[in-house]
Amino acid sequence: MSDPILRLSGVHTDIAQYHILQGVDLDVPRGGVTMLLGRNGVGKTTTLRTIIGHWQARSGTIHFDGADITAMPTASRARAGIGFVPEDMGIFTDLTVEENMVLAAISGPLDRKRLDWIFTAFPPLRTFWKSEAGNLSGGQKQMLSIARAMAEERKLYLIDEPTKGLAPAIISTMARALRDLKAQGASILLVEQNFAVAKALGDTAAVMEDGRITWTGAMAELAADTALQDRLIGLSMEAS
Amino acid sequence: MSAAPDHRPTFAAVSLSDRIGKAMPYLLIPLLVVVGFFAIGSSSSWLTLTVSGLAMGMMIFIMASGLTLVFGLMDVINFGHGAFISVGAFVGITVLLALSGWTGVPSLALNVAAVILAALAAMLATGVLGWAFERVIVRPVYGAHLKQILVTVGGLIVIEQLIHVFWGPDEIFLTRPETLKGAFTFWGAAIEKFRLLAVVFGLALFAAMLLVLKRTRIGLIVRAGVQNGEMVQALGYRLKLVFIGVFIAGSALAGLGGVMWGLYQEVITAGMGAEMMILVFIVVIIGGLGSVEGAFIGALMVGLLQNYIAFLEPKLALISNIGLMTAILMWRPQGMLPVVKAK
């Protein structure tokens, strides 16, 4: 098995006086989708934010693509090849869709071919290209948020609950786009509460409880075992 | 790659009142000018006061624009901004006095060259001072508003005292360059040449700032950073470097504003920056923290209102701007054009 693209070893993160991550050990393999699952408040979002550098790990190490990035500033992590889609989408609402995308292409002008691919995945972005992003609907903003991460090829995508609060039609759009991204060989670490989406996209899964990874394995294994789902994440009731 | 998904894109509904509300701040200036016209009655007095108000507003805008961006980008409340205004004025006026051979002759070219050199010297000095101020005073107190207020006020006092050390304790009187002295008559109104120059220069600077903010990548990063600095960093931009650049540029603009204000008042004091900060803060607050366009509209409103009220009811002139701020904040508590910041 090849080296993982991302390895967290014994990562502890505090937010103010709260000890949120309590020794996270996680390997994200190269290529494919790794689902990060768990009940609300177990530290999934904090894990992603610690990886991108919004929260600084108090102890432990984070290795990305073979390099220790634990002490790196956020911008350097992004430039090293990590794309981040936050839970709140992080859209610049006063900027146009075009400006949001231009900003996301850090190494130069937007690549036309890649942009066409993004437009195919998310047609509303073409329609509202010159419009203020703040005027987009919730689903369209989520499309823009993911499209922004896709504006340039990244080695790893961290995506936090991309289907949260979206209508079923938009969820299938998202799932299709992420499947496309996966088909291109991208590595994705995806936090997702919608188990149907998780089941459809995930190759491997890691389950968090109380700030630690308590189970890792194949997504198919978790999807097939409702008792395991219920025990680990209480998902079987939500599963579809 | 997948086929296009099947759903019809639509905009989230924006009501008519929302659209009008968004444009309303831009309409306030012409509205104020029209109200001023009817309140003043005499067209020549109105024109004189309007040009004077616009000139004052432009100079306040130049001083305020950097401060609003600094606050918007890094959430830093810099009370020391006034020091850059004073230092800019002293450096610029010192250069002008040294170039008295150029300013004392009725040559537009020599006069303008002297003013440009003075402005450049002031901007250079305050830009360097701003860089040092950020490193030594502001950087250790990121994220701590109370400490920011305390240390930047301390910085302001120290710099004011240093001005006394270098230039002495007395105010310095000056006269404008020959071709910028006096006024000309237009439509029966006396228009001071320097005020007209200040209006034209302020407009050009505002246009240049908008051009940079809207048409360049660095402008895009600044605008995005004001909204959501964390996300800008997650895209790969080192926001602290951008912030230092904006801090330096904002300090330099304050220095430029100081030179212009010195030429406008024809007297400079070490405390002039601190005095101006009251107006500058009013402008930044009513414009909406972090908004350059808001600061522009706010500055023009402050300038116009102060001139109109001083003519109509001199006793009310001192409180007119506080009244304006109160009214604007009751209407829009976040200011006229607030930047939607990420939570």
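As shown above, the structure is provided for reference.
Report on the accompanying structure. (Residues numbered from 1 in each chain as written. Chains lettered and ligands numbered in written order. Predicted model: local features only at pLDDT ≥ 70, side-chain atom pairs only at ≥ 80, totals over all residues. Heavy atoms only, no water.)

Considering the overall build of chain A
Then comes step 1: A count of helices and strands for chain A gives 10 helices and 10 strands.
Then comes step 2: In terms of its C-alpha atoms, chain A occupies a principal-axis envelope of roughly 45 × 40 × 40 Å.
Then comes step 3: Counting all 240 residues of chain A, 56% fall into the buried class.
Then comes step 4: The contacts of chain A with a sequence gap of at least 6 include a subset with a gap of at least 24, amounting to 68%.
Then comes step 5: For chain A, the exposed surface amounts to about 9,300 Å²; the carbon and sulfur share of it is 51%.
Then comes step 6: When the 24 basic and 27 acidic side-chain charges of chain A are each reduced to a single mean position, those positions are 3 Å apart. (Helix = DSSP H or I, 4+ residues; strand = E, 2+ residues; numbered from the N terminus. Buried < 20%, exposed > 50% of the residue type's maximum accessible area, 1.4 Å probe, protein only. Contact = heavy atoms within 4.5 Å. Areas by Shrake-Rupley, 256 points an atom, 1.4 Å probe, with all protein chains shown as cover. Lys, Arg positive; Asp, Glu negative; His and termini not counted. Charge placed at Lys NZ, Arg CZ, Asp CG, Glu CD.)

Description of the overall build of chain B
Then comes step 1: Of the regular secondary structure elements, chain B holds 12 helices and four strands.
Then comes step 2: Over its C-alpha trace chain B gives a radius of gyration of 21 Å, about what one expects of a compact globule, namely 20 Å for 343 residues.
Then comes step 3: With respect to the principal axes defined by its C-alpha atoms, chain B has extents near 75 × 50 × 40 Å.
Then comes step 4: When burial is assessed residue by residue, chain B has 52% of its 343 residues classed as buried.
Then comes step 5: Here the analysis covers contacts within chain B between residues at least 6 apart in sequence; of these, 77% occur between residues at least 24 apart.
Then comes step 6: The positive charge centre, built from 20 side chains, and the negative charge centre, built from 14, are 11 Å apart in chain B. (Rg over C-alpha atoms; globule rule 2.2 N^0.38 Å.)

Points about the packing of aromatic side chains
Then comes step 1: This model, assessed by the stated rule, comprises 15 aromatic pairs over all chains.
Then comes step 2: Taking the centre distance of 5.8 Å and the plane angle of 65° together, the rings of B:Phe243 and B:Phe247 count as edge-to-face. With B:Phe243 and B:Phe247 both in helix H9 (residues 239-265) and four residues apart, this pair spans about one turn of that helix. Each member of the pair B:Phe243 and B:Phe247 is classed as buried.
Then comes step 3: The lysine or arginine in question, A:Arg79, covers the ring of B:Tyr237, its NZ or CZ lying 5.9 Å from the ring centre.
Then comes step 4: The ring of B:Trp331 carries B:Arg332 above its face, with NZ or CZ at 4.6 Å from the centroid. (Phe/Tyr/Trp six-rings, centres within 6.5 Å; stacked < 30°, edge-to-face > 60°. Lys NZ or Arg CZ within 6 Å of the ring centre and 35° of its normal.)

Regarding unusual backbone geometry
Then comes step 1: Despite not being glycine, A:Ala16 has its phi angle at roughly 50°, a positive value.
Then comes step 2: Among the structural elements, A:Ala16 can be located in the loop between strand S1 (6-15) and strand S2 (18-28).

Notes on the pairing of strand S6 (residues 82-85) of chain A
Residues in a regular strand project their side chains so that they alternate between the two faces of the sheet.
All names here are of chain A.
Then comes step 1: Residue alternation in S6 divides its side chains into two sets, Ile82 and Phe84 and Gly83 and Val85, and both sets are buried.
Then comes step 2: Sheet analysis places S6 next to strand S7 (residues 156-160), joined by four bridges and oriented parallel. By the bridge assignment for S7, Gly83 is matched with Tyr157. (Pairing = 2+ DSSP bridges.)

Considerations on the sheet that holds strand S10 (residues 212-218) of chain A
All names here are of chain A.
Then comes step 1: Read across the sheet, six strands follow the order S6-S7-S8-S3-S9-S10 without closing on themselves; strand pairing throughout is mixed. At either end of the open sheet lies a strand with only one pairing partner, and these are S6 and S10. Going across the sheet, the axis of each strand differs from the next one's by a mean of 15°, ignoring polarity.
Then comes step 2: Where strand S3 (residues 32-38) meets strand S9 (residues 204-209), five bridges bridge the pair, whose relative direction is parallel. Within S9, the residue paired with Leu36 across the bridge is Ala206. (Axes fitted to C-alpha atoms, helices over the stretch in contact; angles between N-to-C directions.)

With respect to the sheet that holds S1(A)
All names here are of chain A.
Then comes step 1: The sheet built from four strands is open, its strands ordered S2-S1-S4-S5 with antiparallel pairing. Pairing within the sheet leaves two strands with one partner each, and these edge strands are S2 and strand S5 (67-68).
Then comes step 2: With five bridges connecting them, S1 and strand S4 (residues 59-64) associate as antiparallel partners. Looking at the pairing, His12 lines up with Ser59 of S4.
Then comes step 3: Set on the sheet, helix H1 (residues 44-52) makes contact with S1, S2 and S4; between it and S1 the angle comes to about 110°.

So, the side chain of A:Thr47
Then comes step 1: If you trace the backbone, A:Thr47 turns up in helix H1.
Then comes step 2: Excluding its chain neighbours within four sequence positions, the residues that come into contact with A:Thr47 are A:Leu8, A:Leu21, A:Val24, A:Leu36 and A:Met208.

Here we look at a nonpolar patch on the surface
Residue and element names in this part refer to chain B.
Then comes step 1: Together, Trp102, Val105, Leu108, Leu110, Val112, Ile116, Leu117 and Leu120 line one region of the surface with nonpolar side chains, adding up to about 650 Å² of accessible area.
Then comes step 2: Broken down by element, the residue count for the nonpolar patch peaks at six residues, all from helix H5 (residues 108-138).
Then comes step 3: With respect to the element layout, Ile116 can be found in helix H5.
Then comes step 4: Under the relative-accessibility criterion, Ile116 is labelled partly exposed at 46%. (Patch = residues over 30% accessible without salt bridge, like charges linked within 9 Å, V, L, I, M, F, W, Y side chains within 5 Å. Salt bridge = Lys/Arg side-chain N within 4 Å of Asp/Glu carboxyl O.)

A word on the pairing of strand S8 (residues 187-191) of chain A
Residue and element names in this part refer to chain A.
Then comes step 1: Along S8, five of the five residues are buried, which leaves the element largely enclosed by surrounding structure.
Then comes step 2: The two faces of S8 match: Ser187, Leu189 and Val191 on one face and Ile188 and Leu190 on the other face are all buried.
Then comes step 3: Pairing analysis gives five bridges linking S3 to S8, with the strands arranged parallel. When the sheet's bridge partners are listed, Met35 is paired in S8 with Leu190.
Then comes step 4: Running through helix H7 (residues 168-183), the crossover from S7 to the neighbouring parallel element S8 is right-handed. (Right-handed = clockwise from strand over helix to strand, strands pointing away.)

Points about the packing of helix H8 (residues 217-234) of chain B against H9(B)
All names here are of chain B.
Then comes step 1: One way to put it is that H8 packs onto H9 with a least axis distance of 10 Å and a crossing angle of 135°. Between H8 and H9, the angle is such that the two are oblique. Crossing handedness for the pair H8 and H9: left-handed. The segment H8 lies against H9, with Ile218, Ile221, Val222, Gly225, Gly229, Val232 and Gln233 engaging Leu239, Val242 and Val246.
Then comes step 2: The residue makeup of the contact of H8 with H9, split by class, is seven nonpolar, three polar and no charged. (Parallel < 35°, antiparallel > 145°, perpendicular 65-115°, else oblique. Left-handed = near helix turned anticlockwise from the far one by under 90°. Nonpolar A, V, L, I, M, F, W, Y, C, P; charged D, E, K, R; others polar.)

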